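Reading the structure
Next come the chains, spelled out residue by residue.
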Amino acid sequence: KSLSWTAQIWATLRSAVFRCGCPLDTGMLYPRETSSREVKELNGLWKFRADMSPNRNQGFERAWYKNHLEESGPVIDMPVPASYNDITQDSTLRDFIGWAWYEREAVVPARWITDDGTRVVLRVGSAHYYSVVWVNGVKVMEHKGGHLPFEAEIGSVLRSDPTTPCRITIAVNNTLTLETLPPGMIQHMDDRSKYPEGFFVQNINFDFFNYAGIHRSVLLYTTPQAYVDDITVATDFVDSTGLVRYKVSVRGTSTFSVKVNLADKDGRSVAASSEPSGVLKVADVRLWWPYLMHENPAYLYSLEVRLVPGNDLSASEDVYALPVGIRTVNVSSSQFLINKKPFYFHGVNKHEDSDIRGKGFDWPLVVKDFSLLKWLGANSFRTSHYPYAEEVLQMCDRHGIVVIDECPGVGIKDIRSFGNASLSHHLFVMDELVRRDKNHPSVVMWSVANEPASEMPPAGFYFKTLIEHTKALDPTRPVTYVTNSNYGRDKGAPYVDVICVNSYFSWYHDPGHLDVIPIQLNTQFDNWYSLYRKPIIQSEYGADAVAGLHSDPPMMFTEEYQNEVLRSYHSAFDQKRKQYVTGELIWNFADFMTAQGITRVVGNKKGVFTRQRQPKAAAFVLKERYWTLANETG
């Protein structure tokens, strides 16, 4: 019986993966309103019901999507975007594993329906983990993965019965298996002397809560039938001349003309072309610089593409505008270079995590976090351990915050997760990630995994394939994955461009002994560099601190102990950053929720800010250091 439940859930999933196994051939441009495109947000309250049936499959067996969801049984209000886990007082919903169903009706403007020349697209920014979507009872798409957008053209469904309201049903399943990213495993407890009938748990190998639901915006947007499907830009400069290599992908017509115009911040045209691909030359270029690396950071141009179909005089033109930052990224044996100048990462690791909303996107929280980042003097962060919302990367583009863009490859610990099925899915996820984020100037490096079991024999082939694939997708950025102190046994390290190392000396190793940090950290750096001769980023370090807990002499979990750990690491960084250490990223920006366990007191407390974004003492230690580093590096 237990096997049948997992089999039922994932038989459909494997079928969908097989169908989606081909390389992506469509774009994923962020929906923007232009003179030819409209966007309608469907955020707010949706009807919600979790499938609490023993096999979690009643919704499919009884086809809940065919009628209004409330006809299937009791529904509650559920905000979108948000995780559903912390919204109610129901502990069974907080820890629910299985299918959760959402529904709402959308008012679609009549002109969208009556105009056959208008494409109507339904887009989900992110839903965790596996989603099936219906419109008026018709399945329009499936998607595997909890952190990237997916969409489908639904105009034909709407036009099949224009008098019917647009009823959208989304079923989301947060079950993780050995072939998902991140991986997980369902464990059924069959001992009836200890556990009730049907008792099971979701086992995971990552240290953050498995929040579920529709985490980012759901949108309807329009384009003409002939439309700009994708734009790819790559930038360079020679002396004072900027170079913007671009390629425009068009769908819906075989004959067309395009007008490409690059404008500066004041709207003045600086370069133009009438070709679908080419190089735009920008005189007296204003480069995109990171925050605190230049007096005028984060300069953005606007690339406007205007498509005119050539085979139908009545067809509408399509217009899309893409922000473009002109900058270069290079790596030497000991330096990370932005615009041919050494860049030193002094930043943070983050999570999309906060009270009540879980991983749900929230503009006030995003703006608050950026205010705190700039207050700290941080110039960078890593999207640990999954891709963040597109709006976050747009903020980074505008504010000059440098990003290491990480895929959801966290917790790859079981040898079965290095198999062909897992690798195929991992490659596909990197396709999706690069397709979505390739044009952001803030994104300077791809991270394909975090702390995998890289000493296992399959890891060498797995990561060699994955890294080569990612470099082929985007030759303009270096590729890494984040390892731990696995010197000499790491099978994938030879293939990365930058060594990103996590270590927690005096915390997980030799807990309470602050005096071991200098020798162990220097040994770590020397070992990695002597073997690989590549720049090193300390991608995680830190210690838990419960806000308001104090001790002198310092003891673990106090604010004083967290401060001393940071200061000891900083001293070692200063010895090596003039040589080959090119960055330091604290773990973590803010406290975040985890699964319940004896090593976690209502979540992970390694933040320098609390989960409510209030500073601990460590925030001031970090602020002093980061502003000192900024002043030293110009």
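These numbers come from a predicted model, not from an experiment. (Residues numbered from 1 in each chain as written. Predicted model: local features only at pLDDT ≥ 70, side-chain atom pairs only at ≥ 80, totals over all residues. Heavy atoms only, no water.)

What follows covers the overall build of the protein. Check the secondary structure of the protein and you find twelve helices and 32 strands. Taking 634 residues into account, the globule formula puts the C-alpha radius of gyration at 26 Å, and the protein, at 25 Å, falls close to it. Taking all 634 residues of the protein together, 58% fall into the buried category. The long-range share in the protein, meaning contacts at least 24 apart out of those at least 6 apart in sequence, stands at 73%. (Helix = DSSP H or I, 4+ residues; strand = E, 2+ residues; numbered from the N terminus. Rg over C-alpha atoms; globule rule 2.2 N^0.38 Å. Buried < 20%, exposed > 50% of the residue type's maximum accessible area, 1.4 Å probe, protein only. Contact = heavy atoms within 4.5 Å.)

Let's shift gears to the layout of surface pockets. The space that makes up the second largest pocket amounts to roughly 650 Å³. If you go around the second largest pocket, you meet 23 residues; those closest to its centre are D95, I97, F200, V201 and Q202. Those elements giving two or more residues to the lining of the second largest pocket turn out to be helix 3 (91-94) and strand 12 (200-204). With five residues, the single largest contributor to the lining of the second largest pocket is strand 12. Shared between two domains, the lining of the second largest pocket takes at least three residues from each, and those domains are domain 1 (38-174 + 210-222) and domain 3 (346-633). (1 Å grid on protein atoms, 1.4 Å probe; cavity = no way out; pocket = protein on both sides within 12 Å on 5 of 7 lines; lining within 4 Å. Points joined across faces, edges and corners; volume = space filled by probe spheres on them. Domains from an automatic or database assignment.)

This next bit is on the sheet that holds strand 14 (residues 218-224). Taken together, four strands build an open sheet; the order of strands is 1-14-5-9 and the sheet is antiparallel. Lying at the two open borders of the sheet, with one neighbouring strand each, are strand 1 (39-41) and strand 9 (150-153). Strand after strand, the sheet turns through a mean of 20° between neighbouring axes, direction not considered. In the sheet, strand 1 pairs with strand 14 via three bridges, with the strands oriented antiparallel. Within strand 14, the residue paired with V39 across the bridge is Y221. (Pairing = 2+ DSSP bridges. Axes fitted to C-alpha atoms, helices over the stretch in contact; angles between N-to-C directions.)

Assigned domains within the protein: domain 1 (38-174 + 210-222), domain 2 (227-324) and domain 3 (346-633). Between domain 1 and domain 3, the C-alpha centre-to-centre distance is 33 Å. Per-residue buried area on domain 1 facing domain 3 is highest for L148, Y211 and R216; these three make up 36% of the total on that side. Where domain 1 packs against domain 3, one counts two salt bridges. E352 is the salt-bridge partner of R216, the closest N and O atoms lying 2.9 Å from each other. At the boundary of domain 1 and domain 3, one finds nine residue pairs in polar contact (both at pLDDT 80 or more). (Buried area = accessible area lost by both parts, 1.4 Å probe. Salt bridge = Lys/Arg side-chain N within 4 Å of Asp/Glu carboxyl O. Polar contact = N/O pair within 3.5 Å; in protein donor to acceptor, adjacent residues only side chain to side chain.)

Attention now goes to the UniProt feature "domain: Glycosyl hydrolases family 2 sugar binding" (unreviewed entry) in the protein. Mapped onto this numbering, the UniProt entry annotates "domain: Glycosyl hydrolases family 2 sugar binding" (unreviewed entry) at residues 40-224. In this annotation, residues 40-224 is assigned 10% helix and 41% strand; the end-to-end C-alpha distance for the span is 16 Å. (UniProt positions renumbered as here; feature names shortened; annotations may be inferred.)

Before going further, it helps to spend a moment on the sheet that holds strand 32 (residues 581-586). One closed barrel accounts for eight strands, arranged 25-26-27-28-29-30-31-32; its pairing is parallel. On average, each strand axis in the sheet is tilted by 25° relative to the strand beside it, whichever way the strands run. Two elements, strand 25 (residues 345-349) and strand 32, share four bridges in a ladder whose sense is parallel. Bridged to G347 within strand 32 is L585. Across the sheet, helix 9 (residues 458-473) touches strand 28 (443-450) and strand 29 (479-483), and the angle it forms with strand 28 is around 160°.

Moving on to helix 10 (residues 517-532). Helix length check: helix 10 (16 residues) gives 23 Å between terminal C-alpha atoms against 22 Å at 1.5 Å per residue, within 8%. Of the surrounding elements, those touching the buried residues of helix 10 are strand 29, strand 30 (499-502), strand 31 (536-540), helix 11 (559-576) and strand 32. Following helix 10 by one or two positions, R533 has its phi on the positive side, about 55°. (Expected span 1.5 Å × (residues − 1).)

Ranked by size, the top nonpolar core spans 95 residues in total, and within it F381 and F463 carry the most contacts. Summarising the domain contributions, this core has at least three residues from each of domain 1 (38-174 + 210-222) and domain 3 (346-633). Excluding its chain neighbours within four sequence positions, the residues that come into contact with F463 are F418, V448, A449, P452, Y481 and G492. Core analysis: the second largest hydrophobic core is formed by 47 residues, V282, L300, V305 and I537 among them. (Core = buried A, V, L, I, M, F, W, Y, C linked by side-chain atoms within 4.5 Å.)

By the definition in use, this model includes seven cavities of 30 Å³ or more. Size it by volume and the largest cavity reaches roughly 170 Å³. For the lining of the largest cavity, the element with the highest residue contribution is helix 6 (residues 363-376), accounting for four residues. Classifying every residue of the lining of the largest cavity by side-chain character gives six nonpolar, four polar and six charged. In terms of lining, the second largest cavity is formed by V233, A234, T235, V324, G325, R327, K438, N439, H440, P441, T476 and R477. Considered class by class, the residues forming the lining of the second largest cavity number four nonpolar, five polar and three charged. Both domains that meet at the lining of the second largest cavity, namely domain 2 (227-324) and domain 3 (346-633), each give it at least three residues. (Nonpolar A, V, L, I, M, F, W, Y, C, P; charged D, E, K, R; others polar.)

Relative to the assigned elements, V501 resides in strand 30. Sequence separation between V501 and E584 is 83 residues, and the spatial gap between their C-alpha atoms is 9.8 Å. Sequence-distant contacts of V501, defined by excluding residues within four places in its chain, comprise T483, N484, S485, Q524, W528, I536, I537, Q538, S539 and E540.

This next bit is on the pairing of strand 18 (residues 269-273). The sheet contact formed by strand 17 (residues 256-263) and strand 18 spans four bridges and is antiparallel. Across the sheet, A263 pairs through a bridge with S269, a residue of strand 18. Turn length for the strand 17-strand 18 hairpin, with the two strands adjacent in sequence and antiparallel, is five residues, and the turn residue G267 shows positive phi of about 85°.

Going through the model one piece at a time under the given rule, you end up with 41 salt bridges. The shortest N-O distance in the salt bridge between R306 and E304 comes to 3.3 Å. With a relative accessible area of 23%, R306 lands in the partly exposed category. In this structure, a network of salt bridges that share partners links the residues D574, R577, E584, R625 and E632.

With that out of the way, let us pick up the packing of helix 8 (residues 420-437) against helix 9. Across the interface, helix 8 lies against helix 9 with an axial gap of 10 Å and an inter-helix angle of 25°. In terms of orientation, helix 8 and helix 9 fall into the roughly parallel class. Every pair of crossing elements has a handedness; the one defined by helix 8 and helix 9 is right-handed. Contacts between helix 8 and helix 9 involve S422, L423, H426, L427, M430, D431 and V434 from the former and F461, Y462, T465, L466, H469, T470 and L473 from the latter. Here the residues of the contact of helix 8 with helix 9 sort into eight nonpolar, five polar and one charged. (Parallel < 35°, antiparallel > 145°, perpendicular 65-115°, else oblique. Left-handed = near helix turned anticlockwise from the far one by under 90°.)

For A63, the location among the structural elements is in the loop between helix 2 (58-61) and strand 3 (76-80). Taking relative accessible area as the criterion, A63 reaches 12% and is therefore assigned buried. Put simply, A63 and W363 are 300 residues apart on the chain and 35 Å apart in space, counted from C-alpha to C-alpha.

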